[in-house]
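# Residue-level structural notes
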Amino acid sequence: MKSVARTDIGRVRSINQDVVMALDEYTKAPFNLYIVADGMGGAKAGDYASKALVQYVKDYIDNNDDSMIGLVRKAIEDANAKIYELSKNNEEFHGMGSTVVAAGINAGTLYAFNVGDSRLYLVRDGLLQITKDHSFVEDEVEKGHITRDSKEYKLNKNYITRAVGVDKEVEVDIFEVDLTEGDKILLCSDGLSNMIDDKEIYDIISKSESLETAVDTLIETANEKGGTDNISAILINYEREV
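## A closer look at the environment of Y111
- Within the element layout of this structure, Y111 appears in strand β5 (residues 109–115).
- C-alpha separation for the pair Y111 and N63, spaced 48 residues apart in sequence, amounts to 20 Å.
- Apart from residues lying up to four places away in sequence, Y111 is in contact with M68, I69, A102, A103, G104, I174, F175 and E176.

Given below as C-alpha cells:
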C-alpha cells in the first residue's frame with residue numbers, strides 16, 4: 001500500500017484548519033488508517049478541533065482492541081465526546097467542531113467512516129463518491145427540492161448538518177467496499193471537492209504519472225480556481241497484500 005497526503009492553506013484563509021494523517025504501515029492495528037479532518041469554528045477553535053480529533057482517534061485505536069469497524073467508530077465517538085466537553089467548558093473553544101472522513105483498509109476491504117462533508121472517492125473506471133455529505137443541500141437534493149447543478153445548491157453547499165464535537169453524541173456513517181488491484185482511493189476536504197468537479201478530479205488522477213503528481217496537481221488546480229478554502233487530499237494506491 002502506498003499513499004500521498006497533502007494539505008494546503010489555499011489562497012484566502014489565514015490559517016489551515018485541515019489535518020491529514022496517513023498510516024500505510026500502522027503498527028498498533030492490523031489495518032492501514034487514513035484520516036482527513038476539516039475544523040470549524042473561530043480560527044483557534046477550528047484549528048484545535050481538527051488536530052484534537054485526529055490525535056484522539058489515533059490514541060483510542062492505539063490503546064484498544066476491537067474489529068476495525070468497532071475501533072474506528074468508537075474512536076470517532078470518543079473524540080466527539082472529548083471535543084464536545086472542551087467546547088462546553090472553555091469559552092475560546094465554544095462552538096468548535098470538525099468534519100472527519102477516515103478509511104481503514106485490510107484484506108482487500110475498505111471501510112469508510114464519515115461525519116460532515118469531507119469525502120471519500122473510489123477511483124476505478126471513473127470517480128465514485130462512496131461517502132454521503134451531511135449537508136443542507138444534500139438533504140434537499142434527497143428530498144427532491146433542488147438539484148446539484150442549481151443556484152441554491154451552489155450558494156448553500158457549505159452548510160453542514162453533522163460534525164464531530166458539536167453535539168453530545170454523534171452518528172458515524174460507515175461504508176464497505178471490496179477493492180481490486182490498482183484501485184485508488186481519494187479522501188479530501190471540501191476545499192478540493194467544492195473547487196474541482198468529479199470529471200476533472202478523475203482526469204487529473206488517471207493521467208498523472210504518480211500519486212505525488214496527482215495530489216500536487218489537484219491542490220494546484222483548486223488554488224488556480226480560487227483556493228477559497230483549505231485544501232486537503234490523501235490519495236492511496238491499493239495493492240493486494242501478499
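That shown, we press on.
## A word on the pairing of strand β9 (residues 184–188)
- Most of β9 is tucked away: four of the five residues are buried.
- Looking at chain direction, strand β6 (residues 119–123) and β9 are connected through five bridges and run antiparallel. Note on β9: the bridge partner recorded for R119 is C188.
- Looking at chain direction, β9 and strand β10 (residues 231–237) are connected through five bridges and run antiparallel. Bridge pairing in β10 links I185 to I236.

## Remarks on the pattern of salt bridges
- Under the defined criterion, the tally for this structure stands at 16 salt bridges.
- Notably, a salt bridge pairs R162 with E171, separated by 3.9 Å at the nearest N-O pair.
- Overall, the relative accessible area of 53% leaves E171 in the exposed class.
- Through salt bridges with shared partners, a single ionic network connects R162, E171 and D173.

What counts, and at which threshold
Residues numbered from 1 in each chain as written. Predicted model: local features only at pLDDT ≥ 70, side-chain atom pairs only at ≥ 80, totals over all residues. Heavy atoms only, no water. Helix = DSSP H or I, 4+ residues; strand = E, 2+ residues; numbered from the N terminus. Contact = heavy atoms within 4.5 Å. Buried < 20%, exposed > 50% of the residue type's maximum accessible area, 1.4 Å probe, protein only. Pairing = 2+ DSSP bridges. Salt bridge = Lys/Arg side-chain N within 4 Å of Asp/Glu carboxyl O.

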